[in-house]
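In case you want the letters, here they are:
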Amino acid sequence: MKDLMRQKVAVQDNVMSMLNKQVKLEAQSSAAYLAMAAWCDQHGFDHSAHFFYEQSNEERAHMLKLFHYISDMGGQPMVATIEAPQNEFSSLREVFELALESEINVTESINQIVATCRKSNDFATENFMQWFVKEQVEEEFVARRALEFFDMLGDDPASLLLIDERILKIKYTEE
């Protein structure tokens, strides 16, 4: 009976483990963005706060997308304990630097999953993960563009307000 049940799981154990780790990473990212949003709110950066609240929601949606896939493939999705995120930041620039660092870490993790899927001939999971690969291009682009504003405009109060106003206008287009 145990062998028959194993046949119901369409994803190899090593890939399943990586997917569950990605669930945790997405949950951690969601919490981190929520903390960043709160900090921005407290410091009067309303547009940046809105941006990070939206990012938090997106990361949670990514987590759920993975969670459902694991379940749909016959695996056991894991609800992992996450660490409390950083809540204090020295500047708005630091917030965006940490956001970019987080997105780079997520991209690296996703790339590792895709590489493992290729080695394992897990074409279904690789195909599923391509959505995340594409999403990460957008996520990193937006964070990098925000940091470019700091490089161009500086960190004085007037510049920070201008940067805050422009944050919601950053969009990635493939064209």
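That block above? That's the structure.
Residues numbered from 1 in each chain as written. Predicted model: local features only at pLDDT ≥ 70, side-chain atom pairs only at ≥ 80, totals over all residues. Heavy atoms only, no water.

Colleague: Help me understand unusual backbone geometry, please; the structure alone is not making it clear to me.
Modeller: One non-glycine residue, Asn121, lies in positive phi territory at about 55°. Relative to the helices and strands, Asn121 resides in the loop between helix H4 (92-119) and helix H5 (123-153). Relative accessible area serves as the criterion here: at 52%, Asn121 is assigned to the exposed category. (Helix = DSSP H or I, 4+ residues; strand = E, 2+ residues; numbered from the N terminus. Buried < 20%, exposed > 50% of the residue type's maximum accessible area, 1.4 Å probe, protein only.)

Colleague: Honestly, the environment of Asp41 in this entry has me stumped. Any pointers?
Modeller: Within the fold, Asp41 resides in helix H2 (residues 13-42). The class of Asp41 is partly exposed, set by a relative accessible area of 39%. The spacing of Asp41 and Phe52 is 11 residues in sequence and 9.9 Å in space, taken between C-alpha atoms.

Colleague: Would you mind showing me how to read helix H3 (residues 46-72) here?
Modeller: For an α-helix the count is 3.6 residues per turn, leaving residues at separations of three or four pointing the same way. Given a rise of 1.5 Å per residue, 27 residues ought to cover 39 Å, and the 39 Å separating the end C-alpha atoms of H3 matches this to within 8%. Turning to H3, its buried residues are Ser48, Ala49, Phe51, Phe52, Gln55, Ser56, Glu59, His62, Met63, Leu66, Tyr69 and Ile70. Residues of H3 that are buried in the fold lie against H2, H4, H5 and helix H6 (157-166). Two residues or fewer past H3, Gly74 is found with a positive phi of approximately 90°. (Expected span 1.5 Å × (residues − 1). Contact = heavy atoms within 4.5 Å.)

Colleague: Can you walk me through the pattern of salt bridges in this structure?
Modeller: Between side chains of opposite charge, a pair can form when the charged atoms approach closely. Per the counting criterion, the structure on display carries 5 salt bridges. The partner of Glu97 in a salt bridge is Arg93, with the nearest N and O atoms 3.0 Å apart. Pair noted here: Glu97 and Arg93 are both in helix H4, with a separation of 4 residues, about one helical turn. Looking at Glu97, the relative accessible area reads 36%, which means it is partly exposed. The residue Glu148 makes a salt bridge to Arg145 at a minimum N-O spacing of 2.8 Å. Placement of the pair is Glu148 and Arg145 together in helix H5, with a separation of 3 residues, close to one helical turn. Salt bridges sharing common partners tie together Arg93, Glu97 and Asp151. (Salt bridge = Lys/Arg side-chain N within 4 Å of Asp/Glu carboxyl O.)

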